[in-house]
Amino acid sequence: MKNYTFLKLSLSKYCLSEEKEVNLVRKTLYTIGNMEKRSLVTIADHSREKIEYLIQMAEEFERHPNRRLLEGRVVATLFFEPSTRTRLSFETAANRLGARVIGFADPKVTSGTKGETLKDTIMMVSNYADIIVMRHYLEGAARYASEIAPVPIVNAGDGANQHPSQTMLDLYSIYKTQGRLDNLDIYLVGDLKYGRTVHSMLNAMYHFNPTFHFIAPEELAMPEIYKNFCRDHGIRYVEHTDFNADVISGADILYMTRVQRERFTDLMEYERVKDRYLLKLDMLSKARPNMKILHPLPRVNEIEYSIDENPHAYYFEQAHNGLFARQALLCDALGITLEEIRNDSTIIN
Ligand code: CP
């Protein structure tokens with residue numbers, strides 16, 4: 001209410017129409033609310049400086065992952081969609097920092113099956129937990145939850161929209177393997193239409209002057225909205241439908257993705273495209289020495305198993321980095337600073 005009154009007074013001198021004023025007040029209050037609550041809905045909310053700050057936090061946690069920094073806190077993980085890595089790495093992150101974890105991995109065991117709404121579920125869990133990590137099949141569900149919840153919401157994936165915590169671990173992995181985030185050639189391969197990880201990646205990398213190559217069948221091409229985003233922000237991109245050793249020879253990062261069966265309304269279309277892009281060992285013959293293969297996982301049929309032992313393969317280490325990136329995100333959302341982490345006396349060796 002204090003913010004509302006202050007904003008109304010500040011805007012009155014501009015003589016805006018009632019509708020414009022209401023919209024501006026709502027938008028500003030939303031931003032202030034999220035800053036106060038420190039929710040993470042989309043990586044697009046983070047500046048270059050904030051991303052670098054979170055990477056420094058992740059480095060600290062990689063050095064010392066076991067601490068009691070979150071002792072006394074409760075972290076809720078609400079997964080309305082299946083997950084292995086995201087849920088378990090958030091829960092491990094919380095456990096290794098001394099927090100307690102509540103939640104569910106299957107919405108069938110909740111009162112949602114009796115008709116309880118998402119709003120009521122979020123309000124209830126806010127009574128019990130200090131922070132909510134949520135994955136939902138609906139695009140925009142995390143934003144909605146962040147608008148109504150009195151505690152921070154961390155988006156663990158909302159439909160085909162965004163997956164910001166995955167992006168933080170992807171950026172941390174890129175930084176660790178390339179020694180920088182600036183001026184890299186990043187090749188995104190596979191399901192660029194429904195792949196929320198590649199959408200978040202675009203939003204984050206625009207701070208770092210990348211050149212993107214989008215490799216996808218026409219049916220799964222990068223959506224126009226994201227190509228517009230690139231054009232608006234001066235990000236170079238090239239589109240390909242071929243996938244072979246020559247096409248990927250200029251990559252610093254080869255980011256493979258799964259064709260997401262669960263997002264298709266027409267399963268015949270899924271059958272047509274699902275095995276189109278398989279990375280085979282002999283396709284690495286012309287790769288740059290520094291090139292690393294990333295994949296958010298799970299893998300279905302995008303990377304030959306023989307590549308797992310190859311020095312270019314980095315996807316399992318990438319998933320491991322998720323623990324440290326998510327420790328950073330939990331602490332940041334709960335208001336713990338890098339300085340506090342550096343001066344932390346709760347480290348357990
Ligand atoms: N990368 C990722 O989101 O994996 P999960 O679906 O297993 O969480």
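Residues numbered from 1 in each chain as written. Predicted model: local features only at pLDDT ≥ 70, side-chain atom pairs only at ≥ 80, totals over all residues.

### Observations concerning the overall build of the protein chain
Okay, step 1: Scanning the protein chain from N- to C-terminus turns up 12 helices and nine strands.
Okay, step 2: For the protein chain, the residues scored as buried account for 39% of the 349 residues in total.
Okay, step 3: Of the contacts made within the protein chain by residues no fewer than 6 positions apart, 75% connect residues no fewer than 24 positions apart. (Helix = DSSP H or I, 4+ residues; strand = E, 2+ residues; numbered from the N terminus. Buried ≥ 20, exposed ≤ 12 C-beta atoms within 10 Å, placed from the backbone. Contact = placed C-beta atoms within 7 Å.)

### Digging into the environment of Arg-96
Okay, step 1: Assignment of secondary structure puts Arg-96 in helix α4 (residues 85–96).
Okay, step 2: Remark: the alpha-carbon pair of Arg-96 and Leu-69, spanning 27 residues in sequence, is separated by 9.1 Å.

### A few points about the site of the ligand
Okay, step 1: Taken together, Ser-83, Thr-84, Arg-85, Thr-86, Gly-157, Gln-166, Pro-296, Leu-297 and Pro-298 make up all the residues around the ligand.
Okay, step 2: Looking at the shell around the ligand, its residues break down into three nonpolar, five polar and one charged.
Okay, step 3: Here the shell around the ligand spans two domains, and each of domain 2 (39–163 + 322–342) and domain 3 (165–320) adds at least three residues to it. (Near = placed C-beta within 6 Å. Nonpolar A, V, L, I, M, F, W, Y, C, P; charged D, E, K, R; others polar. Domains from an automatic or database assignment.)

### Details of helix α7 (residues 164–178)
Okay, step 1: Its 15 residues give α7 an end-to-end C-alpha distance of 21 Å, which sits within 8% of 21 Å, the value for a rise of 1.5 Å per residue.
Okay, step 2: Among the 15 residues of α7, 11 are classified as buried, and the element is accordingly described as predominantly covered.
Okay, step 3: For α7, the set of buried residues is Pro-164, Ser-165, Gln-166, Thr-167, Met-168, Leu-169, Asp-170, Leu-171, Tyr-172, Ser-173 and Ile-174.
Okay, step 4: Following α7 by one or two positions, Gly-179 has its phi on the positive side, about 75°. (Expected span 1.5 Å × (residues − 1).)

### Structural notes on α4
Okay, step 1: Here α4 contains 12 residues, and its C-alpha end-to-end distance of 16 Å stays within 8% of the 16 Å for a straight helix at 1.5 Å per residue.
Okay, step 2: Of all the residues in α4, the buried ones are Thr-86, Arg-87, Ser-89, Phe-90, Ala-93, Ala-94 and Arg-96.
Okay, step 3: Tucked inside the fold, the buried residues of α4 contact β1 (74–79), β2 (100–104), β3 (131–136), β4 (153–158), α7 and α11 (315–333).
Okay, step 4: Once α4 finishes, Gly-98 follows within two positions and takes phi at roughly 90°, a positive value.

### Topic: the sheet that holds β3
Okay, step 1: Spatially, four strands are ordered β2-β1-β3-β4 in an open sheet, and the strand pairing comes out parallel. At either end of the open sheet lies a strand with only one pairing partner, and these are β2 and β4. Direction aside, neighbouring strands of the sheet carry axes that sit 15° apart on average.
Okay, step 2: Relative to β2, β1 is paired through five bridges, and the arrangement is parallel. Pairing of Val-74 across the sheet is with Arg-100, part of β2.
Okay, step 3: Contacts from helix α5 (residues 118–128) reach β1, β2 and β3 within the one sheet, and its direction differs from that of β1 by about 155°. (Pairing = 2+ DSSP bridges. Axes fitted to C-alpha atoms, helices over the stretch in contact; angles between N-to-C directions.)

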